Amino acid sequence: MFQKFYPDLYVDSAYQIDYDGLYADGYRGLIFDIDNTLVTHGAPADEKAKALFARLKEIGFSCCLLSNNKEPRVKMFNDEVHVQYIFDAHKPSTAGYEQAMEIMGTDKSNTVFIGDQIFTDIYGANRTGIHSIMVKYIYWKEEIQIIFKRRLEAIVLMCYRRHLQQSK
C-alpha cells in the first residue's frame, strides 16, 4: 500500500553513504535536498558539506541541489559548494528531478536522489523512476506542517521496516 513512498535505501546520514560504491555501480549524478538532509533548516553549507561536495567532484559525480525553497536560500548554500541547483522545485513533481538530470547530463538509470522527507523527496524520486536514498533528518525542530508530515512518515517507515523484514 505504501510502497510508492519507500526509499530504495534508508541510512542515518548523507555523510555515511558509500559514494565510491555508488560510482562503482555506475551512478554518475547525485541530486540532493538541502534542509535537514545536508544541514539544519536554513543553515549555510558547513565544513562537512563543503568537504562532501569536494569529494564527490573528485570521485567524478555531477551534483545538483533540488529544493522547494526560494532562490536566496538555495543560492546561499550553493555559494559554498558550487554545484548546479534548482529552487522552487515543487517536489514531489517530477519536473525538477528531470530538469536536474538534464542539467547534469544523466538519466534515470545512473542518477540517485538523497533526501530526508518521504512525501516530497522520496515520493518525487520514485515517481520519476530514479534510485532514492532517504536519510534521517538532522534536527527535529521544523515548521509545523513538516512536523505533522513527520508523524505520517513514521507510519510509512514502520511499514517499510516491516516490508524489509519480510523480504529477508
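Before reading on, note that the structure itself is shown above.
Structural notes, computed from the coordinates. (Residues numbered from 1 in each chain as written. Predicted model: local features only at pLDDT ≥ 70, side-chain atom pairs only at ≥ 80, totals over all residues. Heavy atoms only, no water.)

Now for the sheet that holds strand β5 (residues 111-115). If you trace the six strands from one edge of the open sheet to the other, you get β1-β6-β5-β2-β3-β4, paired in parallel fashion. In the strand order of this sheet, the two ends are held by β1 (9-11) and β4 (84-86), each with one partner. Going across the sheet, the axis of each strand differs from the next one's by a mean of 20°, ignoring polarity. Both strand β3 (residues 62-66) and β4 contribute to a ladder of three bridges, which runs parallel. Across the sheet, the residue bridging to leucine 66 is isoleucine 86, located in β4. (Pairing = 2+ DSSP bridges. Helix = DSSP H or I, 4+ residues; strand = E, 2+ residues; numbered from the N terminus. Axes fitted to C-alpha atoms, helices over the stretch in contact; angles between N-to-C directions.)

One way to say it: the disulfide is the covalent bond shared by the sulfur atoms of two cysteines. Counted according to the given criterion, the structure contains zero disulfides. No disulfide involves cysteine 63; its sulfur sits 8.8 Å from the nearest other cysteine sulfur, which is in cysteine 64. For cysteine 64, a relative accessible area of 0% gives the class buried. (Disulfide = S-S within 2.5 Å. Buried < 20%, exposed > 50% of the residue type's maximum accessible area, 1.4 Å probe, protein only.)

This paragraph deals with unusual backbone geometry. Cis rather than trans, the peptide bond between lysine 91 and proline 92 has omega equal to 20°. By the element assignment, proline 92 lies in the loop between β4 and α4 (94-104). For histidine 90, which is not a glycine, the phi torsion comes out positive at approximately 60°. Inspection of the secondary structure assignment puts histidine 90 in the loop between β4 and α4. The class of histidine 90 is exposed, set by a relative accessible area of 54%.

Two faces make up the sheet, and in a regular strand the side chains alternate between them. Strand β6 (residues 131-135) sits mainly inside the fold: four of its five residues count as buried. Two elements, β5 and β6, share four bridges in a ladder whose sense is parallel. Residue pairing for β6: valine 112 is matched across the bridge by histidine 131. Considered for its hand, the β-α-β crossover made up of β5, helix α5 (residues 118-128) and β6 is right-handed. (Right-handed = clockwise from strand over helix to strand, strands pointing away.)

A few words now on the packing of α4 against α5. To characterise two packed helices, one gives the angle between the axes of the helices and the distance between these axes. At a minimum axis separation of 8 Å, α4 and α5 run at an interaxial angle of 70°. Put simply, α4 runs roughly perpendicular to α5. Like other packed secondary-structure pairs, α4 and α5 cross with a definite hand, here right-handed. Of the residues in α5, those in contact with Thr94, Tyr97, Glu98 and Met101 of α4 are Thr120, Asp121, Gly124, Ala125, Arg127 and Thr128. Partitioned by chemical class, the residues of the contact of α4 with α5 number three nonpolar, four polar and three charged. (Parallel < 35°, antiparallel > 145°, perpendicular 65-115°, else oblique. Left-handed = near helix turned anticlockwise from the far one by under 90°. Contact = heavy atoms within 4.5 Å. Nonpolar A, V, L, I, M, F, W, Y, C, P; charged D, E, K, R; others polar.)

A few words now on α5. Among all positions in α5, only Ile118, Thr120, Asp121, Ile122, Gly124, Ala125 and Thr128 are buried. Downstream of α5 by one or two residues, glycine 129 has phi in the positive range, about 90°.

Here we take up the pattern of salt bridges. All chains considered together, the criterion is met by nine salt bridges. With a closest N to O distance of 2.8 Å, lysine 136 and aspartate 12 form a salt bridge. A residue pair is termed long-range when its members are at least 10 positions apart, and lysine 136 in the loop between β6 and α6 (144-167) and aspartate 12 in the loop between β1 and α1 (19-24) qualify at 124 residues. Given the relative accessible area of 39%, lysine 136 is considered partly exposed. Relative accessible area serves as the criterion here: at 43%, aspartate 12 is assigned to the partly exposed category. Salt bridges sharing common partners tie together Asp33, Lys91 and Asp121. (Salt bridge = Lys/Arg side-chain N within 4 Å of Asp/Glu carboxyl O.)

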